[in-house]
Amino acid sequence: MGKWYRKVAAFITSLVLMGSLFSTSVGAAENLANPVVKGSFADQIEEATIFELQHEMKRGTLTSEELIKFYLDRIEEYDDSINSVITIEEDAIAEAKQLDKERRSGTVRGELHGIPVILKDNYDTYDMPTTAGSLSLEGSIPPDDAYQTKKLREEGAIILGKANLHEFAFGFQTISSLGGQTYNPYDLTRYPGGSSGGTAAAVASNFVTVGLGTDTGGSIRVPSSFNNLVGIRPTMGLASRDGIIPLTLTQDVGGPIARTVEDAAVVLDAIAGYDPADPVTVASNGKVPKSYTHYLKKNGIKGARIGVVRALFGNDPQVNKVMNQAIEDMKDLGAEVVEVTIPNLDKILAYPSLSSFEFKFQLNDYLASLGSNAPVKSLTDIINSKKYDPSIESALIARNNKVSLETDQEYQDIITNRPKLAKENIMATFNENKLEALVYPTSTALPEVIGKNQGAGNANRLSPYSGYPALSVPAGFSDNGLPIGMELLGKEFTEPTLIKIAYSYQEGTHHRKEPILK
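As a starting point, this report considers the structure included with it. Here the structure is a predicted model, which means the values were calculated and not measured.

This paragraph deals with the pairing of strand β3 (residues 158-163). Taking burial as the measure, the six residues of β3 include six buried ones, the bulk of the element. Here strand β1 (residues 85-88) pairs with β3 via three bridges, running antiparallel. The residue of β3 that forms the bridge with Ile88 is Gly161. Here strand β2 (residues 116-120) pairs with β3 via five bridges, running parallel. Following the sheet pairing, Leu119 is matched in β3 by Lys162.

Our next topic: the side chain of Thr248. Position of Thr248 among the secondary structure elements: in the loop between β7 (230-233) and β8 (253-258). A relative accessible area of 0% means that Thr248 is categorised as buried. A distance of 2.4 Å separates a polar atom in the side chain of Thr248 from a polar atom in the side chain of Glu358. With residues up to four places along the chain from it excluded, the contact list for Thr248 reads Thr216, Ser353, Leu354, Ser355, Glu358 and Gln362.

Turning next to the nonpolar core. Judged by nonpolar contacts, the single largest core of 122 residues is most densely connected at Leu152, Met330, Leu438 and Leu462. Look past the residues within four positions of Leu438 in its chain and what remains in contact with it is Gly307, Val309, Val340, Ile342, Ile426, Thr429, Phe430, Glu487, Leu488 and Leu489. Judged by nonpolar contacts, the second largest core, of 19 residues, contains Ala132, Ala169, Phe359 and Leu379.

Quick look at the packing of aromatic side chains now. Counted under the stated rule, the structure contains six aromatic pairs. Between Phe168 and Phe170, the ring centres sit 6.3 Å apart and the planes meet at 45°, which makes this aromatic pair tilted. Assessed through its relative accessible area of 21%, Phe170 is described here as partly exposed. Taking the centre distance of 5.7 Å and the plane angle of 35° together, the rings of Phe357 and Tyr411 count as tilted.

Rules and cut-offs
Residues numbered from 1 in each chain as written. Predicted model: local features only at pLDDT ≥ 70, side-chain atom pairs only at ≥ 80, totals over all residues. Heavy atoms only, no water. Buried < 20%, exposed > 50% of the residue type's maximum accessible area, 1.4 Å probe, protein only. Helix = DSSP H or I, 4+ residues; strand = E, 2+ residues; numbered from the N terminus. Pairing = 2+ DSSP bridges. Polar contact = N/O pair within 3.5 Å; in protein donor to acceptor, adjacent residues only side chain to side chain. Contact = heavy atoms within 4.5 Å. Core = buried A, V, L, I, M, F, W, Y, C linked by side-chain atoms within 4.5 Å. Phe/Tyr/Trp six-rings, centres within 6.5 Å; stacked < 30°, edge-to-face > 60°.

This is the structure:
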């Protein structure tokens with residue numbers, strides 16, 4: 001099988017043959033001790049929400065141990081064809097047993113108690129390697145957890161494993177030298193989006209309950225769109241980036257990738273808030289609600305005024321057909337939907353991403369934070385090692401040729417003028433039209449056949465260039481069954497508004513359909 005987690009799965013299978021309770025396939029759930037898992041709820045674990053799973057565990061009709069084993073079974077059965085998981089936590093079952101013991105004794109750490117989560121493999125974990133998908137970082141175990149990883153564990157989450165990504169988060173295809181090519185579970189001949197494509201493919205395939213990705217220029221939202229999922233790119237400063245391998249900190253954020261808006265809201269509750277190690281999060285003080293789940297209102301879209309940015313639609317007739325239907329559905333659900341124009345939109349979108357400027361310096365800082373055990377010390381070492389996918393070589397070299405940010409006039413112009421231009425014109429659009437959100441396709445392109453170039457349009461730039469939050473929610477499918485997502489953009493720290501609108505739309509349309517795995 002060729003992967004570390006396959007060895008873990010093989011070990012677990014050997015336990016089965018010795019009489020373990022662990023079933024070797026989804027259809028063998030009757031081997032589990034708990035009667036409800038033998039019965040109707042076994043069929044409901046797939047697509048079950050965090051709330052539903054917690055309800056069953058509270059009733060005593062499901063344990064976290066059984067849930068972990070269920071997901072490990074599915075990974076073993078199906079991930080050979082999808083290739084979404086890089087590493088499985090070898091102590092996951094032991095952690096689940098401990099959390100089940102705590103629950104029986106009356107201790108529940110939080111809403112994620114006993115819930116399995118998968119992390120994009122650029123999130124630090126003290127007990128598993130963190131590699132950014134690169135062979136150059138193979139086996140690199142950080143000294144401690146990323147802030148968001150730590151917050152998940154404090155809420156009782158089990159980090160089930162690490163997911164593949166486009167190496168160093170560079171693109172939309174999700175191919176890496178360590179993890180290989182990840183495939184879209186809705187069509188195995190196509191890309192899953194990226195760079196958080198492994199997380200998205202795993203969550204979509206029901207290999208785990210929920211996941212975390214990162215987004216610099218669309219890397220949460222595009223794979224969410226391509227895998228019929230909900231993805232939230234939070235407001236810059238809402239959630240700490242400490243312990244996440246950087247691409248460009250001016251744009252980087254981390255956030256949830258989930259099958260439902262409610263699951264995304266639960267995860268956002270866990271990861272939001274101030275962290276002294278990431279100074280931008282001071283902006284979140286006083287801006288984080290008691291719970292984002294309070295905004296899960298079925299009629300939340302009623303009366304909302306939403307602006308359609310037609311200039312961000314592309315030329316794909318399938319995407320536009322779904323979006324036009326989504327607009328009609330929002331109207332039917334009670335929203336007031338109006339066509340709007342963002343002033344200077346072309347000028348805003350003409351700016352480049354800052355990853356080509358900041359990556360070298362910030363990656364070198366991250367590598368230094370690993371201490372003496374770091375497998376490489378610099379981007380130069382990575383390039384010299386040749387341990388990376390050949391497709392990113394030119395990008396690595398170009399970034400390594402940057403000498404200084406302070407003396408780079410193009411960089412200084414971008415960081416000075418781009419956020420000002422984006423914020424002023426987006427806010428003018430909100431204020432002049434009295435809007436609660438802007439809407440447009442998450443990606444103007446469908447998942448492309450592997451081997452071809454994967455585009456996504458440039459609408460995904462508005463959120464990182466302004467720092468404002470964006471949420472992608474399933475909007476439908478193309479004629480050949482490929483998922484299409486709709487993006488909602490809000491004002492700074494208006495995640496509650498986006499969640500309210502998206503949840504109401506989700507409950508009024510029910511576009512989430514699981515892939516048929518083979």
